[in-house]
Amino acid sequence: MQDFEKKNATGEKGELFLCATPIGNLEDITYRVLRILNEVDLIAAEDTRNSIKLLNHFEIKTPMTAYHEFNKYDKAKLLVDKMLSGQSIACITDAGTPGISDPGEELCKQARQAGIRVSSVPGPAACITALTMSGQATRRFAFEAFLPADKKERKEVLNELVNETRTMIIYEAPHHLKKTLAELRNVLGDNRALTICKELTKKHETSMEFTLETACEYYEVNDPRGEYVLVIAGKSREDIKKEREASWEELTVKEHVDMYIKQGMDKKEAMKAAAKDRGVSKRDIYNELER
């Protein structure tokens, strides 16, 4: 860590530190985060009323300012000006890592555009915590955060997820959980596997495995409480292959070849592509066309 007072005296730019804070268990804060929160000139907090509890617990006296979704553009400009004048700022969210589905993303963007050094100080993130404990595949995943509130955009995103092969991670509030599960069931099917996590890192942490059908049934008789992370299995490549093969069966061989010709292929290429789709030889396609 550089000496902030020395930087102010020499006219150097300050820095922005994106500091991860606990998502439930205060023991998850790092020594490095605590040191930085003590040493910076200012802490930009998503909710100062929430963050003051954290600062008081660790006896941190650094001044705070509110930086949230409703002031993120204009306030980011003010914070960038402070950093350009030599002050260093720590950005913290209500819980977890700033910049992931919260206003820290905008502050980071503006700071980098102004040539200010940005450092992410790692720690808890609900999406990764849920993924690693879910039992779902972890090598490839798609983080969707909260689904859009706008009906048109929400429908588009849900349709994009239909053939997603990566594990999907979605955040949801308790009062919207039933609706979201029903929508996911409608587009992904009854049998899609998922793990539903809540109260992460807390005393009553839970992670339960369902299908979308059984999840909907469970929450019809159990009221959702707490903040949820849904970890949903991606669509298997085998299922995608079977669906494609089934779709070819609805076409005659001629219709199948003509489809590729309309896309710009010559007849020879179109016959080869149709043969591959159907799992037959090019000779079989040729013979069928000659009938």
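This text follows the structure it describes.
Now for a description of the structure that goes with this document. This is a predicted model, so every value here is computed, not measured.

## Digging into the environment of leucine 79
Then, number 1: For leucine 79, the location among the structural elements is in helix α4 (residues 72–84).
Then, number 2: The buried category is assigned to leucine 79, whose relative accessible area is 1%.
Then, number 3: As a C-alpha pair, leucine 79 and lysine 109 span 30 residues in sequence and 12 Å in three-dimensional space.

## A word on the pattern of salt bridges
Then, number 1: Scanning the model with the defined rule gives 10 salt bridges in all.
Then, number 2: A salt bridge links lysine 72 to glutamate 69, with the shortest nitrogen-to-oxygen separation between them at 3.0 Å.
Then, number 3: When its relative accessible area of 14% is taken as the criterion, lysine 72 is described as buried.
Then, number 4: Sharing partners across several salt bridges, the network here consists of Arg185, Asp190 and Glu213.

## A short note on a positive patch on the surface
Then, number 1: On the surface, a cluster of positive charge is contributed by Lys268, Lys272, Lys276 and Lys282.
Then, number 2: Of the residues forming the positive patch, the biggest block, 3 residues, is contributed by helix α12 (residues 267–278).
Then, number 3: Mapped onto the elements, lysine 272 comes out in helix α12.
Then, number 4: The class of lysine 272 is exposed, set by a relative accessible area of 59%.

## Observations regarding the sheet that holds strand β6 (residues 141–146)
Then, number 1: Read from one edge of the open sheet, 5 strands run β6-β7-β10-β8-β9, paired in mixed fashion. Each end of this open sheet is capped by a strand with a single partner; those strands are β6 and β9 (206–211). Neighbour-to-neighbour, the strand axes of the sheet open up by a mean angle of 20°, direction not taken into account.
Then, number 2: In this sheet, strand β10 (residues 228–232) lies alongside strand β7 (residues 167–172) in antiparallel orientation, the contact comprising 5 bridges. Paired with tyrosine 171 across the strands is valine 229, a residue of β10.
Then, number 3: Relative to the sheet, helix α9 (residues 212–221) contacts β8 (193–198), β9 and β10, its axis offset from that of β9 by approximately 120°.

Cut-off values and rules
- Residues numbered from 1 in each chain as written.
- Predicted model: local features only at pLDDT ≥ 70, side-chain atom pairs only at ≥ 80, totals over all residues.
- Heavy atoms only, no water.
- Helix = DSSP H or I, 4+ residues; strand = E, 2+ residues; numbered from the N terminus.
- Buried < 20%, exposed > 50% of the residue type's maximum accessible area, 1.4 Å probe, protein only.
- Salt bridge = Lys/Arg side-chain N within 4 Å of Asp/Glu carboxyl O.
- Patch = residues over 30% accessible without salt bridge, like charges linked within 9 Å, V, L, I, M, F, W, Y side chains within 5 Å.
- Areas by Shrake-Rupley, 256 points an atom, 1.4 Å probe, with all protein chains shown as cover.
- Lys, Arg positive; Asp, Glu negative; His and termini not counted.
- Charge placed at Lys NZ, Arg CZ, Asp CG, Glu CD.
- Pairing = 2+ DSSP bridges.
- Axes fitted to C-alpha atoms, helices over the stretch in contact; angles between N-to-C directions.
- Contact = heavy atoms within 4.5 Å.

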